[in-house]
Amino acid sequence: MRLDKAGSAPAPVPARAIADIPAPVVAALDLADAVVDPAGGSSATVWRARTGPGARLVVKALAERDGLVDGHDLETFVRKPRQIAAVHRELPGLSPYYTSVVGCWRGPGWAAYAMPHHDGQAITRQLDGPRPDVDGFLCDVGAVLRVLTDAGYARRSWPAPPGNFAVMHLDRVRRRLPMLRRHLPARLFAAEPIVVNGRRCRSLPRLLAEVGADNTLLAALQPGRLAFPVHGDLNLGNLLVRRGAPDPDFTVIDPRGVLAPWDPVYDVAKSLFSLTSFERAITGGLVIDRAIRSGPHVGGYTVSFADDREGYLTAAEQFIHVLGNLPYFRTLDRVDPNWRIRLRFAHAFHCLAESACRLSDRKHREFGAVRGWDACVLLSAGLLLLGIRQLDELLADLKGGFSVVDDTTR
């Protein structure tokens, strides 16, 4: 595998014929034309479609194949329409802000569903361009998250089962390790320390073992209660905004496919991950430089972003403060006082887990001279290295007690 430099944003993908959509879907919806949407990070294919009468729809389809990680698999995919229906049924205050389903289909080894096409822009749009409006973004995202928490997560709750954090985060990374080992260099999983962005870090196997063996830490990371599964994969790209604060108009799209009670901190940690890593990496690419060092620990990596959208990191540095000012999280300060610590650890584990997702998602991407499968491997390796560094820092910071620093962007 070559770890190379990445450059420009992904090139447009040629449109695919409407015949590539499963025939029962085309017939049921009376589709007239469809164009593939190359954006996003899931393993499903997404079409922007138009019916004969002129209605605009979004059609998503997934075919079962080898190499799909859990959460990107067919069984999770078919739960997404059920989660959307549950939100509309159980959370009337959130229902106007949530996408709906106009049809779903299941065939041998495949499934599909269709939704209305929603106008709007990604909530992060204000962070793009040469003059990012960080304050405007923080104001808008705070207003949107207030609706999601007040009308969503705060409506229903259940006691969290023992070991919730380990099951949701630690076990997820462990399940995905075989895929990472198959496709990434063995030296990334060796027992020896690894140098990432100038920091000498414990190896990933050692980091996972230390977290799993630290019962005091796992007890501190245990959520007090779980909430209604509002989303489960709250990348900020899944929030389409038409009007911002103080009275936002937006649509939530593409939930994970969760039907069981869920930790809201999992979701907002995914939003933070969008700011620190995901949005910039998947649209602009990463740069990985490897320096050969002398001594017993050979090799060091420098991981950076190929673009210059530093407004994302500026927003990330203030994101936890924005959360802390929302009524829902002020309540957590009383009943779940370690939620900030759990958010930072969840953020690091999202980075590690998302590394495997880049190998599961086979969408064609181009970052300068790096394209296709090589681009998938580049994204995977870069996110893995960033996650190792973040988790190593968190464990080091905890040596003096649970006073974790606010900098999740290093």
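The rules behind the values
- Residues numbered from 1 in each chain as written.
- Predicted model: local features only at pLDDT ≥ 70, side-chain atom pairs only at ≥ 80, totals over all residues.
- Heavy atoms only, no water.
- Pairing = 2+ DSSP bridges.
- Helix = DSSP H or I, 4+ residues; strand = E, 2+ residues; numbered from the N terminus.
- Axes fitted to C-alpha atoms, helices over the stretch in contact; angles between N-to-C directions.
- Contact = heavy atoms within 4.5 Å.
- Core = buried A, V, L, I, M, F, W, Y, C linked by side-chain atoms within 4.5 Å.
- Buried < 20%, exposed > 50% of the residue type's maximum accessible area, 1.4 Å probe, protein only.
- Polar contact = N/O pair within 3.5 Å; in protein donor to acceptor, adjacent residues only side chain to side chain.
- Parallel < 35°, antiparallel > 145°, perpendicular 65-115°, else oblique.
- Left-handed = near helix turned anticlockwise from the far one by under 90°.

## A few points about the sheet that holds strand β3 (residues 56–63)
- Spatially, β1-β2-β3-β5-β4 is the arrangement adopted by the 5 strands of the open sheet, whose pairing is antiparallel. The sheet is open, and its two borders are formed by β1 (31–36) and β4 (103–107), each paired with just one other strand. Geometrically, the sheet is characterised by an average inter-axis angle of 25° between neighbouring strands, direction not taken into account.

## So, the sheet that holds strand β12 (residues 249–252)
- If you trace the 3 strands from one edge of the open sheet to the other, you get β6-β11-β12, paired in antiparallel fashion. Since the sheet does not close on itself, it has two edges, and those belong to β6 (121–122) and β12, each with one partner.
- In the sheet, β6 pairs with strand β11 (residues 239–243) via 2 bridges, with the strands oriented antiparallel. By the bridge assignment, Ala122 is partnered in β11 with Leu240.
- Sitting on the sheet, helix α4 (residues 134–151) touches β11 and β12, and the angle it makes with β12 is about 60°.

## A closer look at the nonpolar core
- Membership of the largest hydrophobic core comes to 112 residues, with the highest contact counts inside it found for Leu148, Phe345 and Phe349.
- For Phe345, the contacting residues outside a window of four places in its chain are Phe165, Leu217, Leu221, Leu391, Leu394, Leu395 and Leu398.
- Grouped together as the second largest cluster of nonpolar side chains are 16 residues, Ile21, Leu31, Val59 and Ala114 included.

## Observations concerning unusual backbone geometry
- Cis peptide bonds are those with omega within 30 degrees of zero, and the linkage from Ala245 to Pro246 qualifies with 5°.
- Mapped onto the secondary structure, Pro246 falls in the loop between β11 and β12.
- With phi around 55°, Asp30 is a residue other than glycine that occupies positive phi space.
- Within the secondary structure, Asp30 sits in the loop between α1 (23–29) and β1.

## Quick look at the side chain of Lys363
- Mapping Lys363 onto the fold places it in the loop between α11 (339–360) and β15 (366–367).
- Accessibility expressed as a relative area gives 14% for Lys363, which makes it buried.
- A distance of 2.3 Å separates a polar atom in the side chain of Lys363 from the backbone oxygen of Ser42.

## Focus: the environment of Leu217
- Inspection of the secondary structure puts Leu217 in helix α7 (residues 215–221).
- Among the residues examined, Leu217 registers a relative accessible area of 1% and is labelled buried.
- Taking the C-alpha atoms as reference, Leu217 lies 8.9 Å from Leu398; in sequence the two are 181 residues apart.

## Observations regarding the packing of helix α5 (residues 164–183) against helix α6 (residues 204–213)
- Look at α5 against α6: their axes get within 11 Å of each other, and the N-to-C directions meet at 160°. The orientation of α5 relative to α6 falls into the category roughly antiparallel. In terms of crossing hand, the pair formed by α5 and α6 is left-handed. Every residue of α6 that contacts α5 at Leu170, Val173, Arg174, Leu177 and Arg181 is listed here: Leu204, Pro205, Leu208, Val211 and Gly212.

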